Amino acid sequence: MASGEVIFIEGENSGRFPHCNAIFVDDEIPAVIDPATREDYLKSLHEQNLIKLVINSHYHIDHTRYNRLFRGATFAAHRLDAPAIQSLDENAKYAGIYEKLWFQAWKKVVREVWRHEEVEIGRTFEDLEEVCLGQNTLRIIHTPGHTPGHICVEFVEKKAVYLADIDLTKFGPWYGNARSDIDSFLSSIERLKRTKAETWYTAHGEGVLTGDITDRLEAYGSVIHERDRRILEFLSKERTREEIIDKALIYGKKWDPPQMFEFFEWMMVSKHIQRLERMGLVTTKNERYLSLESENTT
Ligand SMILES: [Zn+2]
């Protein structure tokens, strides 16, 4: 007899990348969300042949890495992220690394070191779709930005929400893929502020939070505005792409391997630059970037 419990499973190394925290719902249809937590725990679920439904909150490999253990289950994800879970090539296109020289090396590591395997998505979600597991109803909240099909999952009866990678960490929102989007991320944070729950689970960082998290969501979203300000300030002089990357305005410091740092740093910064250009605050000339405020005042 299923207990109906929603069980938070802390990931290895406190759920730091390339791991994440996960959720096991012990229900008539036993389900796991983001099986990339402790392998021993997931293996024991697998050995008991328990899991009937696997939900991936989005296509990132640190959320899908042990999907392969649950081959007999139905896999589900938002419609927009499903192609990138089903195919590593699509995954790389969503990320923006498909054309990179190091794409094949990345793919080899993902397949051989992580032993990642693609799975077929048997069920695709739309916003506000509900899934009845027996004692628990899951409500899908489409929260794009981090990825186009990123979802949070509400446990209706438990008054709880799994926030996935809207993870409330100090680092702040991450939108380092080609298909990530800052404005959608901000809208998703606003939407969560209007969502009522008593317990909140994150895929990384603190893991479990209780009560009102409006301030936490506010602080998390404000990191985006801080980054806008930092970038504008640095562009008070005309800068090249190389100078901007070298400053590590997003990550704060460089990390290895350099080509990956440079890729993700630029992906994040360039999304800010495009956003600031739309606001009329930055201009781009011959791949040089300059704040318009400084041009007007000097
Ligand atoms: Zn992610």
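As the structure is a computational prediction, the values presented were derived from the model and not from experiment.

How each quantity is defined
- Residues numbered from 1 in each chain as written.
- Predicted model: local features only at pLDDT ≥ 70, side-chain atom pairs only at ≥ 80, totals over all residues.
- Heavy atoms only, no water.
- Donors = N, O, S within 2.8 Å, 3.2 Å for Na, K, Ca; no water.
- Tetrahedral: all angles 85-135°; square planar, octahedral: opposite > 155°, others 65-115°.
- Helix = DSSP H or I, 4+ residues; strand = E, 2+ residues; numbered from the N terminus.
- Buried < 20%, exposed > 50% of the residue type's maximum accessible area, 1.4 Å probe, protein only.
- Pairing = 2+ DSSP bridges.

Turning next to the coordination of the zinc ion. Tetrahedral coordination by four donors puts the ideal angle at the metal at 109.5 degrees, and octahedral coordination by six puts it at 90 or 180 degrees. Bound to the zinc ion on the protein side are His58 (NE2), His60 (ND1), His146 (NE2) and Asp165 (OD), at distances that span 2.1 to 2.2 Å. Considering all 4 donor atoms around the zinc ion, angles at the metal cover 90 to 174° and the coordination shape is irregular. Each donor residue of the zinc ion lies on one chain, and together they are spaced H-x1-H-x85-H-x18-D. One end of the pair, His58, is in the loop between β4 (53-55) and α2 (61-64); the other, Asp165, is in the loop between β10 (160-162) and α6 (182-193), and 107 residues separate them in sequence. What makes His58 buried here is its relative accessible area of 0%. Asp165 sits in the buried class, given a relative accessible area of 5%.

This next bit is on unusual backbone geometry. A cis geometry characterises the amide bond from Asp256 onward to Pro257, with omega recorded as -10°. Within the secondary structure layout, Pro257 lies in the loop between α8 (241-246) and α9 (258-278). If you check the backbone angles, Arg115 has positive phi at about 55° while not being a glycine. Tracing the backbone through its elements, the reader meets Arg115 in the loop between α5 (103-113) and β6 (123-125). A relative accessible area of 43% places Arg115 in the partly exposed class. Despite not being glycine, Asn286 shows a phi value in the positive range, around 45°.

With that out of the way, let us pick up the pairing of strand β9 (residues 151-155). Consecutive residues of a regular strand have side chains that alternate between opposite faces of the sheet. Taken across its 5 residues, β9 has 5 buried, putting it largely inside the fold. Burial along β9 is two-sided: the face carrying Ile151, Val153 and Phe155 and the face carrying Cys152 and Glu154 are both buried. Bridge count for strand β8 (residues 137-142) against β9 is 5 bridges, and the pairing is antiparallel. In the strand pairing of β9, His142 is matched with Ile151. Bridging between β9 and β10 involves 3 bridges; their strand directions are antiparallel. The residue bridging Glu154 from the neighbouring strand is Val161, located in β10.

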